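# Chains, contacts and geometry: an overview
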Amino acid sequence: MSNFFQLVRNEQTKLYSQLSTWILLGILVVIVLGFAIIMRTAEGIMPYEDETWKQTLQEENQMYAEIDPTDPNIAINNYRIENDLKPEGMSAWGFLYESHYLTSVLSLITIIVAGGILANEFRWGTIKLLLTRPATRTKIFFAKYASVLLFALTALIVLFISAWLFGMIFFGLGGDGSVLQLKDGEIVDVSVWTRIAQDYGLQLVKLAVWSTFAFMISAAFRNSALAIGTAIFLMFAGISVVSFIADKPFAKYILFANLDLTQFTTGYKMIDDLTLTFAIVTIIVYYLIFLVVGWVLFAKRDVAGH
Amino acid sequence: MAEPAMQLIGLKKQIGSKLIVKGLDFDIQPGEVFGFLGPNGAGKTTTIRMMVGLIRISEGDVRIQGKSIKTDYKEAIRHVGAIVENPELYGFMSGYKNLLVFSRMIPGISRERIDEVVKLVGLEKRIHQKVKRYSLGMRQRLGIAQALLHNPSILILDEPTNGLDPSGIREIRQYIRRLAEQENVAVIVSSHLLSEMELMCDRIGILKNGELISIQQIQNTEEDAPTEVVQIDCPPSYHEKAQRLLQERFGVTAMASGEKLTFPITRGEIPSIIKELAVADIEMHGFAVERKTLEDKFLHVIGENVIE
Ligand SMILES: Nc1ncnc2c1ncn2[C@@H]1O[C@H](COP(=O)(O)OP(=O)(O)OP(=O)(O)O)[C@@H](O)[C@H]1O
Ligand SMILES: [Mg+2]
């Protein structure tokens, strides 16, 4: 076991000795900063002033009603007006929550790391040194995979910290980030951590699946460009495939149809007879297939010249 | 004889329908430097890749200290240090960090051991520099350092002198010999440079088109090497007397043909032969020493260098 730990440690050493890893993390931070600037600018357009906020909310309601009269935001705004609860506006915690939209950037950089971590060893030729040591190929495969997950976690922490810090700079500490939500016809106060856990969590499922996919291709074909390219393409384009084949009986077994778990929180399902349990089981099955296929091909294939 | 350090047993490799290595059978002893000689495409690298488990063995086996690389990989590979083809290391890390990373893959390698191998390959001054700034020769040295980290009892070097300058080649040769002689390491080196191999190997296996066509013993200690062939030019009337003298005093059988007497002898005995023949009043018109080099033998067995 300590042996496995050492292998993961080695992978981390190698990863953070490469400039490209730091550039990826740097890009993440810059994007968070950009997002904060955009949000700050947008907020400036319609601020909630002490005297006029009720009026502002009513104007908002008219806008919502034109698009969708059943919009839950209307009920929430009315509740605020009745109970004299002025909206907080953006705060550091609120911005941290909003940054869950940036998890696709997180997915992207994790895919880039996952797609390169094995393929690069082949490109550099160092795979020969790695695979002529007492560690088995299986151990090396899983140490690298664990290292990818560790990187994703690190990047997530970087996202959290930079989002909170930029939120703090641009919006101030403000309130605790809790919001009102309409749940079963009643207005409830939801804490920021609940919302973070839910919305980040659902996005991280996608991240795990696509970076595992990239890792599989990297292990099987030993080509990082192929691994990164296919994973990113499927991540963005896969969803649109579903709408073409939604009426086919096999459609619900397709990964893309199940992967977006937010469809179960919003209720807009891609295929009518999907259930949350079915989706979770399907995702796990695909995930395990990716991992096993990558592992078997990596462990069995010859390491010959290029 | 002690247990062989490595045994190749009917080793074959087939890729697609092509048989690349066609059944190799030989042993390598501890403390021996074994040379793997052959033209481009002979299958040297392919054989080495099988020895270290990088590619699957199609048929046969490789046993390292008695352990099969196929079924007992971990126990077998523990004894091996290797460079396969080029010494490729992580360019974005320093030489030292490279060694540190590899040292973590095998338990029990201390920092002192790292410093020791760095010194052994003479890289102390540049070890903290990034490897991408190393010259090929420096990378070759670092490659050897990583192969030696865990005190392997078998060292496998695929073309270790590739890219080295003459003094670098001599140094590598010297510590390959030292490892074999003092630490009883079995060293396997591949090369297509004969002159190189002759100087550092105890035995050379000649590989051609995936087959071992000859194994030559090399005598490095010049004194007892019967590699010299002496030809004396003297009238046939003296032949019988000379032959008897050579047989009695030196135990060699001289062949007579025309005016010439030919016999093999070690270099060390040449002065006393000349003296004895002169004392015996044998009329010599010429005394020639020919050295039959491995190069001649190699070209003889390899023939035309046609890559299949
Ligand atoms: N992955 C592969 N697929 C098909 N053929 C291969 C593969 N690897 C090597 N070969 C073939 O196997 C033969 C032996 O190659 P190998 O690299 O073992 O030769 P070598 O003796 O090391 O030559 P060199 O002196 O050029 O390094 C060559 O004919 C080569 O074309
Ligand atoms: Mg070769």
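Residues numbered from 1 in each chain as written. Chains lettered and ligands numbered in written order. Predicted model: local features only at pLDDT ≥ 70, side-chain atom pairs only at ≥ 80, totals over all residues. Heavy atoms only, no water.

## Side note on the pairing of strand β10 (residues 211-217) of chain B
All names here are of chain B. Of the pairings in the sheet, the one linking strand β9 (residues 203-208) to β10 comprises six bridges and is antiparallel in character. Opposite I204, over in β10, you have Q216 as the bridge partner. Counting the residues between successive antiparallel strands, the hairpin from β9 to β10 contains two residues, one of them, N209, with a positive phi of roughly 45°. (Pairing = 2+ DSSP bridges. Helix = DSSP H or I, 4+ residues; strand = E, 2+ residues; numbered from the N terminus.)

## Notes on the environment of G38 of chain B
All names here are of chain B. Take G38: it is sitting in the loop between β3 (33-37) and α1 (44-51). In this structure G38 comes out as buried when scored by relative accessible area, which is 0%. Sequence separation between G38 and I204 is 166 residues; the distance between their C-alpha atoms is 10 Å. Sequence-distant contacts of G38, that is, excluding residues within four places in its chain, are made with K44, S191, H192 and L207. (Buried < 20%, exposed > 50% of the residue type's maximum accessible area, 1.4 Å probe, protein only. Contact = heavy atoms within 4.5 Å.)

## Some thoughts on the sheet that holds β10 of chain B
Residues and elements named next belong to chain B. With mixed pairing, the six strands of this open sheet are ordered in space as β6-β7-β8-β3-β9-β10. Every interior strand has two partners, whereas the edge strands, β6 (80-83) and β10, have only one. Between one strand and the next, the sheet's axes are offset by a mean angle of 15°, whatever the strand orientation. Across the sheet, helix α5 (residues 136-148) touches β6 and β7 (154-158), and the angle it forms with β6 is around 165°. Along the sheet face, helix α6 (residues 166-183) touches β3, β7 and β8 (186-191) and points at about 135° away from the line of β3. (Axes fitted to C-alpha atoms, helices over the stretch in contact; angles between N-to-C directions.)

## Structural notes on the site of ligand 1
Among the 14 residues in the neighbourhood of ligand 1, the closest are listed as N40, G41, K44, T45 and T46 of chain B. One finds residues of chains A and B in close proximity to ligand 1. Note that an oxygen atom of ligand 1 is positioned 2.5 Å from one of the side-chain N or O atoms of T46 of chain B. Mapped by element, the contributors of at least two residues to the shell around ligand 1 are β2 (18-28) and α1 of chain B. The leading source of residues in the shell around ligand 1 is α1 of chain B, at three residues. Taken together, the residues of the shell around ligand 1 break down into five nonpolar, six polar and three charged. (Near = heavy atom within 4 Å. Polar contact = N/O pair within 3.5 Å; in protein donor to acceptor, adjacent residues only side chain to side chain. Nonpolar A, V, L, I, M, F, W, Y, C, P; charged D, E, K, R; others polar.)

## Some thoughts on a nonpolar patch on the surface
On the surface, L19, W22, I23, I27 and I31 of chain A cluster together into a nonpolar patch covering about 490 Å² of accessible area. Tracing the sequence through the fold places I31 of chain A in helix α2 (residues 19-45). (Patch = residues over 30% accessible without salt bridge, like charges linked within 9 Å, V, L, I, M, F, W, Y side chains within 5 Å. Areas by Shrake-Rupley, 256 points an atom, 1.4 Å probe, with all protein chains shown as cover. Salt bridge = Lys/Arg side-chain N within 4 Å of Asp/Glu carboxyl O.)

## Some details on helix α3 (residues 95-103) of chain B
When you tally the buried positions in α3 of chain B, you get eight out of nine residues, the bulk of the element. Listing the buried residues of α3 of chain B in full gives G95, Y96, N98, L99, L100, V101, F102 and S103 of chain B.

## Details of the UniProt feature "transmembrane region" (unreviewed entry) in chain A
All names here are of chain A. In the numbering used here, UniProt assigns the feature "transmembrane region" (unreviewed entry) to residues 21-39, 100-119, 140-173, 200-219, 226-246 and 276-298. Within residues 226-246, the helical portion is 95% and the strand portion 0%, while the C-alpha atoms at the span's ends are 28 Å from each other. Secondary structure within residues 276-298 divides into 100% helix and 0% strand; the distance between the first and last C-alpha atoms comes to 33 Å. (UniProt positions renumbered as here; feature names shortened; annotations may be inferred.)

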